[in-house]
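# Commentary on secondary and tertiary structure
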Amino acid sequence: MEEPTRLVEEATTNDMDGQNNEEERDPESNSLCQPLLKRNRTLSSSPFALVGAKVSHIESLDYEINENDLFKHDWRRRSRVQVLQYVFLKWTLAFLVGFLTGVTATLINLAIENIAGYKLRAVVNYIDDRRYLMGFAYFAGANFVLTLIAALLCVCFAPTAAGPGIPEIKAYLNGVDTPNMFGATTLFVKIIGSIAAVSASLDLGKEGPLVHIGACYASLLGQGGPDNYRLKWRWLRYFNNDRDRRDLITSGSSSGVCAAFRSPVGGVLFALEEVATWWRSALLWRTFFSTAVVVVILRAFIEYCKSGNCGLFGRGGLIMFDVSGVSVTYHAVDIIPIAVIGIIGGLLGSLYNYVLHKVLRLYNLINEKGKLHKLLLALSVSLFTSICMYGLPFLAKCKPCDPSLQGSCPATGGTGNFKQFNCPNGYYNDLATLLLTTNDDAVRNIFSVNTPSEFHVSSLIIYFALYCILGLVTFGIAVPSGLFLPIILMGSAYGRLLAIAMGPYTKIDPGLYAVLGAASLMAGSMRMTVSLCVIFLELTNNLLLLPITMLVLLISKSVGDCFNLSIYEIILELKGLPFLDANPEPWMRNITVGELADVKPPVVTLRGIEKVGRIVEVLKNTTHNGFPVVDEGVVPPVRLPVGATELHGLVLRTHLLLVLKKKLFLHERRRTEEWEVREKFSWIELAERWGKIEDVAVTKDEMEMYVDLHPLTNTTPYTVVESMSVAKAMVLFRQVGLRHMLIVPKYQAAGVSPVVGILTRQDLRAHNILSVFPHLVKSKSGKKH
């Protein structure tokens, strides 16, 4: 993994300018015991990342089950009926996530098809009347207004709604808390903004925003609504924790993909392959149930709209490109052109990622200058898009209609493969057929089968070059946007070009070449294989495409991996989100967690019965989230030294704040009774986060009192021995979904502390380790196993 970009560092500096040095200090070096001689090497990390429009403080999520006394008591006293109610509510929320996502996706499709459709009909009418300037003014003006609406909403109300949202969801499910990503305002802006942006003919899709919309619904349902208007229903509060919220957001992201591509199994596999870090069989069932609900909702609305009650919407179905009735035949000799498609897709995908990385760095520098610059950038892209889409069809030659083909030529309605544009009767403009249409119709047109000579080579070259440029300059502006559609259209264009070039050597239909080209470019850029394969099979409704689709995807991904990361990983790097990859670097096996602990500040520990003043001091002078609880002078089992030191567990900052807020203080140093703790706390309260230490008022007399931390301490924290390699520790940390990992000594003896150190997510990131141990760069192979 490469070092975080200088852009994030510059943004951090600008954003924190004017704040005090206390706030800018690295939390990992913020210990109570500052040595007189500072270490030359300290494992430090930045807790800041670009989220939305500004640099935000990033924290990890507590996915680990906190097995303290209150949690154990609650599970012991739960009746069978209560457990069944809890499980039933999980399935109910999964149903609601799928239902709301399906309804919203249908409304978004309905709005886009009607807004864009009536806009394009008006433009075509102006062109039919030879009023070309008026047609351009109407086309550019409508796109300008729609882009302005989308950009204003994102810039002024919800900056986190800009972009696809998939990288942030991926980071959240990896254990990174991305602020303000799943709020009600973000959801509203995402819905309205995606409708306006896609209707404005910008080169972006609604697929990425739909994934974010599904995740927002899941998060809001899990926490009982928006922050200011949460439902206080008793059973709903059981879901107000990071672990259950993670499962719901996983179902929401799957539902979003299903709603975008009408692919229920593909949605489940997308969540499994691309966004989810944690997976289990129960989550698989609920996720599949959510996508099944989405499909039922989509089918119901499509059946209703076929009667003509939805305006221009309703011509499509669950299958966007139905080739079930087409004879798909290929032979051994066709393996060569199929392999060529995969290789070119991998090369183009990695090149696209590289250039987009540079463009996003430039856009971030522009966006840093303020809201006005963001608006001007979005509006400039809209104007450039309108000029290209309206002007370029005039460069295409009119083609005569083929009388043997079915369908009207040229098309007289809002859909069809043959747009007349400026051509005489009996002729059509193939470039206008692809550009002056809605996104769904563009996909159908370029994927159409049995149309080998429908598009001219020059038109396909212009279309491919245009969408490459528009795809690069459009993604990154302050509007909700998705990457799927631009990549699909780019890939399908070069797929048809290859079909024309290889026509004498293969009998595969050019429409199938377009499908394979889109799949290869998506695999080359996004590096997905299994989920993409199923999505394309569900889109085409033809299992005969399975072998060649699998081959293309595998080749494209393999070629792309030779050059750079996937597009979503590049965005995560740009934003500075501390995402932990599934595969550790090879050189991580050459260093132990004990060596990492040596270059960190001393671990801050608390005693089982601690003074209130000590707790307040620790909370004020550190930003750590967890503290080991150590008891000294414990009477041990037989055959152990008398007066042993015990590692009782780990207590969280939020639980310490709750103790101070509830004032469970003792006048003398003693253990509390179980009933005393249950009288003050419930384990549901322990799942919530409780403000800051500055919000808690503690008197001088209370500072001398005591707190028994034993009932609130997680007695089963994950620990690793100090001789374990960093690679092995990182795999455990990521797969279990940890926030803290305690390091215990290899040798136990009297007077030896039972805890050597504590590792967090930032400590296991490759570039942080390399900054402290530069000699590891020599053994760095750059390849991941």
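Residues numbered from 1 in each chain as written. Predicted model: local features only at pLDDT ≥ 70, side-chain atom pairs only at ≥ 80, totals over all residues. Heavy atoms only, no water.

This part takes up the packing of aromatic side chains. Throughout the structure, instances matching the rule amount to 15 aromatic pairs. Through successive ring pairs, a cluster of aromatic residues spans Y132, F136, F139, Y390, F394 and F421. For the cation-ring pair, R246 lies above Y63, with the distance from its terminal atom to the ring centre recorded as 4.2 Å. (Phe/Tyr/Trp six-rings, centres within 6.5 Å; stacked < 30°, edge-to-face > 60°. Lys NZ or Arg CZ within 6 Å of the ring centre and 35° of its normal.)

A pair of packed helices can be characterised by two numbers: the angle between their axes and the separation between those axes. The N-to-C vectors of helix α5 (residues 132–156) and helix α7 (residues 184–199) enclose an angle of 155°; their axes lie 8 Å apart at closest approach. As summarised for this structure, α5 and α7 are arranged roughly antiparallel, according to the angle between their axes. In this structure, α5 meets α7 at a crossing whose hand is left-handed. The residues of α7 that touch α5, namely those facing N143, L146, I149, A150, L153 and C154, are V189, I192, G193, A196, A197 and S199. When its residues are assigned to classes, the contact of α5 with α7 shows nine nonpolar, three polar and no charged. (Axes fitted to C-alpha atoms, helices over the stretch in contact; angles between N-to-C directions. Helix = DSSP H or I, 4+ residues; strand = E, 2+ residues; numbered from the N terminus. Parallel < 35°, antiparallel > 145°, perpendicular 65-115°, else oblique. Left-handed = near helix turned anticlockwise from the far one by under 90°. Contact = heavy atoms within 4.5 Å. Nonpolar A, V, L, I, M, F, W, Y, C, P; charged D, E, K, R; others polar.)

Here we take up the state of the cysteines. Considering all chains together, one arrives at two disulfides under this definition. Covalently, C305 is tied to C310 through a disulfide, its sulfur atoms 2.0 Å apart. In this structure, the disulfide formed by C305 and C310 twists by about -70° around the S-S bond and is classed as left-handed. For the pair C305 and C310, a shared accessibility class is recorded, and that class is buried. (Disulfide = S-S within 2.5 Å. Buried < 20%, exposed > 50% of the residue type's maximum accessible area, 1.4 Å probe, protein only.)

Reading across from one edge, β12-β13-β14 is the order of the three strands in this open sheet, with mixed pairing throughout. Unpaired on one side and paired on the other, β12 (719–721) and β14 (757–759) mark the two borders of the sheet. Geometrically, the sheet is characterised by an average inter-axis angle of 35° between neighbouring strands, direction not taken into account. Bridge analysis of strand β13 (residues 741–744) against β14 gives three bridges, and the strand direction is antiparallel. In the sheet register, I743 faces β14, and the bridge partner there is G757. (Pairing = 2+ DSSP bridges.)

Per the counting criterion, the structure on display carries 19 salt bridges. The salt bridge partner of D62 is R739, with a shortest N-O separation of 3.1 Å. On the criterion of sequence distance, the pair formed by D62 in the loop between β3 (59–60) and α3 (69–77) and R739 in the loop between α28 (726–736) and β13 is long-range, its members being 677 residues apart. With a relative accessible area of 22%, D62 lands in the partly exposed category. Across the pair R286 and D247 runs a salt bridge whose closest N-O atoms are separated by 3.8 Å. Pair noted here: R286 is in helix α11 (residues 281–309) and D247 is in helix α9 (residues 242–261), with a separation of 39 residues, a long-range link. Among the ionic contacts, a cluster of salt bridges with common partners joins R246, D247, R280 and R286. (Salt bridge = Lys/Arg side-chain N within 4 Å of Asp/Glu carboxyl O.)

Now for the UniProt feature "transmembrane region" (unreviewed entry) in the chain. Under the UniProt annotation, the feature "transmembrane region" (unreviewed entry) is placed at residues 88–112, 133–161, 283–302, 335–355, 375–396, 460–490 and 543–560. The distance separating the terminal C-alpha atoms of residues 133–161 is 35 Å; by composition the span is 83% helix and 0% strand. Taken as a whole, residues 375–396 contains 77% helix and 0% strand, while its terminal C-alpha atoms sit 33 Å from one another. (UniProt positions renumbered as here; feature names shortened; annotations may be inferred.)

It is worth spelling out the nonpolar core at this point. Across soluble globular proteins, you tend to see nonpolar side chains buried next to one another. Of all hydrophobic cores here, the largest spans 146 residues; its most connected members are Y463, L483, F484 and M526. Those residues within four positions of Y463 in sequence are excluded, and the remaining contacts are L431, L434, L435, A442, I446, L489 and A493. Counting residues in hydrophobic clusters, the runner-up holds 28 residues, among them I615, V616, F665 and V677. (Core = buried A, V, L, I, M, F, W, Y, C linked by side-chain atoms within 4.5 Å.)

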